[in-house]
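Here are the chains, one letter per residue:
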Amino acid sequence: MKALLAFERKLFGELLRDRGLISDEDLNNALSLQGDGSDRIGKILTDLGFVAERDVLSVLSEQIDVPIFDGEYPAVPIEPDKLSYRFLRAFSVLPVHQEENVLSLVMADPLDSDTRSAISQRTSFDLEVFLGTEAVILDQLERLHGGDEGDDKLIETLGDGSADDNIDQLRDLASEVPVIRMVNLIISRAVESRASDI
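The shown structure was predicted, so the numbers you read here are calculated from the model rather than taken from an experiment.

Chemist: Which parts of the structure should I look at to understand the overall build of the chain?
Modeler: Secondary structure assignment for the chain yields 11 helices and 3 strands. Traced from its N-terminal end to its C-terminal end, the chain shows the element sequence α-α-α-α-α-α-β-β-α-β-α-α-α-α. Classification of the 198 residues of the chain by burial places 32% in the buried group. Within the chain, counting contacts between residues at least 6 apart in sequence, those at least 24 apart form 56% of the total.

Encoded structure:
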């Protein structure tokens, strides 16, 4: 029991050092850069290349008792009308599952109680929180909410084939891709290229 209590009282940088993932010098350099404490020590150490992000995630998961997300990511955005892409991206949060009154989230910073509270109030769901890397969360958000590159490919594929193929393809896409976004993109591209007919 004492070992468990001692583990919980150790600072995150010390846990990484005690596991041999970083040296005393690495920790001291990161602490001097941390200065005012606005950046988390794990992020600083990762950015400096002193430790791998997966090692930081593993130690953090044990320290704060939040599991690392290892499930499947959603195929479509969850609660997009209540949780905007801009908000999710700004706070590195990804809703991954919603069942009954529980919304499962992957967060780069599960200790961010303000973000958790805002999501809970906005959605009226209880939250189940998992830990994930910021890079993976942002990649998944980009995949779900789209970007210009994905939209370019979509429009290019619609331009290939016969009219019957395009109609069938549009019907299939209507169940997978937010139609309004696609139509807005087509119209904006037509305006940019000064098309007389759409």
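Chemist: Hey, could you run me through the packing of aromatic side chains in this one?
Modeler: Each aromatic ring pair is specified by the distance between its two centres and by the angle formed by the two planes. With the rule as written, the count across this model stands at 3 aromatic pairs. Between F87 and F91 the ring centres are 5.1 Å apart and the planes differ by 50°, which places this aromatic pair in the tilted class. Exposure remark for F87: the relative accessible area of 23% places this residue in the partly exposed category. Three or more aromatic residues joined by ring pairs make a cluster, and in this case those are F69, Y73 and F130.

Chemist: Explain the pairing of strand 2 (residues 102-107) to me, please; I cannot follow it from the model alone.
Modeler: Looking along a regular strand, one sees side chains alternate from face to face of the sheet. For strand 2, a buried count of 5 out of 6 residues is recorded, marking the element as mostly surrounded by other parts of the structure. Counted along the chain from strand 1 (residues 93-99) to the antiparallel partner strand 2, the turn is 2 residues long, and its residue E100 has a positive phi close to 50°. Note: strand 2 against strand 3 (residues 126-131), 6 bridges, orientation parallel. The residue bridging L103 from the neighbouring strand is L127, located in strand 3. Considered for its hand, the β-α-β crossover made up of strand 2, helix 7 (residues 113-123) and strand 3 is right-handed.

Chemist: What is the right way to look at the nonpolar core in this model?
Modeler: The nonpolar side chains of a soluble globular protein tend to be buried, and buried together. Counting 35 residues, the largest nonpolar core has F12, L16, L45 and L103 as its most contacted members. At the level of secondary structure, the elements contributing two or more residues to this core comprise helix 2 (12-18), helix 3 (24-34), helix 4 (41-47), helix 5 (53-64), strand 1, strand 2, strand 3 and helix 8 (134-145).

Thresholds applied
Residues numbered from 1 in each chain as written. Predicted model: local features only at pLDDT ≥ 70, side-chain atom pairs only at ≥ 80, totals over all residues. Heavy atoms only, no water. Helix = DSSP H or I, 4+ residues; strand = E, 2+ residues; numbered from the N terminus. Buried < 20%, exposed > 50% of the residue type's maximum accessible area, 1.4 Å probe, protein only. Contact = heavy atoms within 4.5 Å. Phe/Tyr/Trp six-rings, centres within 6.5 Å; stacked < 30°, edge-to-face > 60°. Pairing = 2+ DSSP bridges. Right-handed = clockwise from strand over helix to strand, strands pointing away. Core = buried A, V, L, I, M, F, W, Y, C linked by side-chain atoms within 4.5 Å.

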